[in-house]
Amino acid sequence: MPPIESRSKNGIGEEALQIEKNLAQKALSSGDRDTAWRHLHSVTGRLIDFPASSERDTLFTSTAIELANVSFVLGKGFPELTETLQRAISAAERIGDRRSMAMINLHLGRLFYFAEKRDSAMSVFEVGKYEAEALGDEDILTQAAEFIGLYYFIQGRFKEAIGYFERAAHSFESEKLGRIINPSGPLWLSYSAAFLGQFHRAIGTLDYYRRVATEGGDHGLAITLRAVLGIMLLGIKKNKEAHFHLSGAYQEARRTKNLLASYFAKGGLAFHHFLEGRLDEAWEWVVQTFEES
């Protein structure tokens, strides 16, 4: 029988949860993101009841980071994810895992950004960025690329941000099945290009990576990219085509409960109604977008 400290209050052992995490990894390798998310969410939820130990904290920390990546691809689970990552920070500190501390802070920064908590986002981004750059090896700098880019993006430093997003998008495309990094790289690369006046590059980036996501089985991410594509099309006054993509993305997001795609689609629809002079409808979509965030 495993020692008592390796079991939760209800008697579940760490070994069983490691097996479940392995099942999540197999699901990721086969492209089944939904099944992987369910396993990862289950493992982190159950590990909360375990007493602190090196083994427990190591498993909890690594699983929380994987859950964060998969949650962003699927566009769901964000309220619980914030709490999970905040707990994972403490676990990483106890075992002295600086790499995980850096990545968790960066993940939290992205979550705070979408929750309209910009001051909190900048604070944890700065901590995570400093830690990642202090460690300095190529792997963690690649993993951190989209987050560091977002740190500069929030400040309006698009020329600095775009290089990080280019690295992030390339790494997302080149990663093997079973490992997800920088899934939002293409999204932010397109936004940076648009803010630099390169709308056709922004649209081409979204169109290309939407196909990459679809072919790779990342349908949730493809829906999010479709919503952002609609927003970019509004920027070059292709309102009819934009509405087609925004409406389609919104319907797909509702069907799959993809909160992230819904967030972008609603914001885009608000902008579309505004450009068309329908201010009451635009206001209704703005309110819904803020409620969702």
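See the structure shown above.
Residues numbered from 1 in each chain as written. Predicted model: local features only at pLDDT ≥ 70, side-chain atom pairs only at ≥ 80, totals over all residues. Heavy atoms only, no water.

## A closer look at the overall build of the protein
In terms of helices and strands, the protein carries 15 helices and zero strands. Taking 2.2 N^0.38 as the reference for a compact globule, 293 residues should give roughly 19 Å; the C-alpha atoms of the protein span a radius of gyration of 20 Å, in line with that estimate. Expressed as lengths along the three principal axes of its C-alpha atoms, the size of the protein is roughly 70 × 40 × 35 Å. For the protein, with 293 residues in total, the buried portion stands at 54%. Considering only residue pairs separated by 6 or more positions, the protein has 60% of its internal contacts joining residues 24 or more positions apart. Accessible surface computed for the protein: about 13500 Å², of which carbon and sulfur atoms make up 53%. One way to put it: in the protein the 34 positive side-chain charges average out to a point 3 Å from where the 38 negative ones average out. (Helix = DSSP H or I, 4+ residues; strand = E, 2+ residues; numbered from the N terminus. Rg over C-alpha atoms; globule rule 2.2 N^0.38 Å. Buried < 20%, exposed > 50% of the residue type's maximum accessible area, 1.4 Å probe, protein only. Contact = heavy atoms within 4.5 Å. Areas by Shrake-Rupley, 256 points an atom, 1.4 Å probe, with all protein chains shown as cover. Lys, Arg positive; Asp, Glu negative; His and termini not counted. Charge placed at Lys NZ, Arg CZ, Asp CG, Glu CD.)

## Observations regarding unusual backbone geometry
Although it is not a glycine, Lys 237 sits at a positive phi angle of roughly 65°. With respect to the element layout, Lys 237 can be found in the loop between α12 (219-235) and α13 (239-256).

## Looking at a nonpolar patch on the surface
Where nonpolar side chains cluster on the molecular surface, the patch consists of Phe 271, Phe 274, Leu 275 and Leu 279 and spans about 390 Å² of accessible area. In terms of residues, the nonpolar patch owes the most to one element, helix α14 (residues 259-275), which gives three residues. Here Leu 279 is to be found in helix α15 (residues 279-292). (Patch = residues over 30% accessible without salt bridge, like charges linked within 9 Å, V, L, I, M, F, W, Y side chains within 5 Å. Salt bridge = Lys/Arg side-chain N within 4 Å of Asp/Glu carboxyl O.)

## Things to note about the packing of aromatic side chains
On inspection of all chains with the given rule, the structure shows 19 aromatic pairs. Both rings, one in Tyr 151 and one in Tyr 152, keep their centres 5.2 Å apart while their planes meet at 70°; by these two values the pair is edge-to-face. As far as burial versus exposure is concerned, Tyr 151 and Tyr 152 are alike and both buried. A cation sits over an aromatic face here: Lys 76 above Trp 37, 4.4 Å from the ring centre. Seen from the ring of Phe 72, Arg 110 lies directly overhead, with NZ or CZ sitting 3.9 Å from the centre. (Phe/Tyr/Trp six-rings, centres within 6.5 Å; stacked < 30°, edge-to-face > 60°. Lys NZ or Arg CZ within 6 Å of the ring centre and 35° of its normal.)

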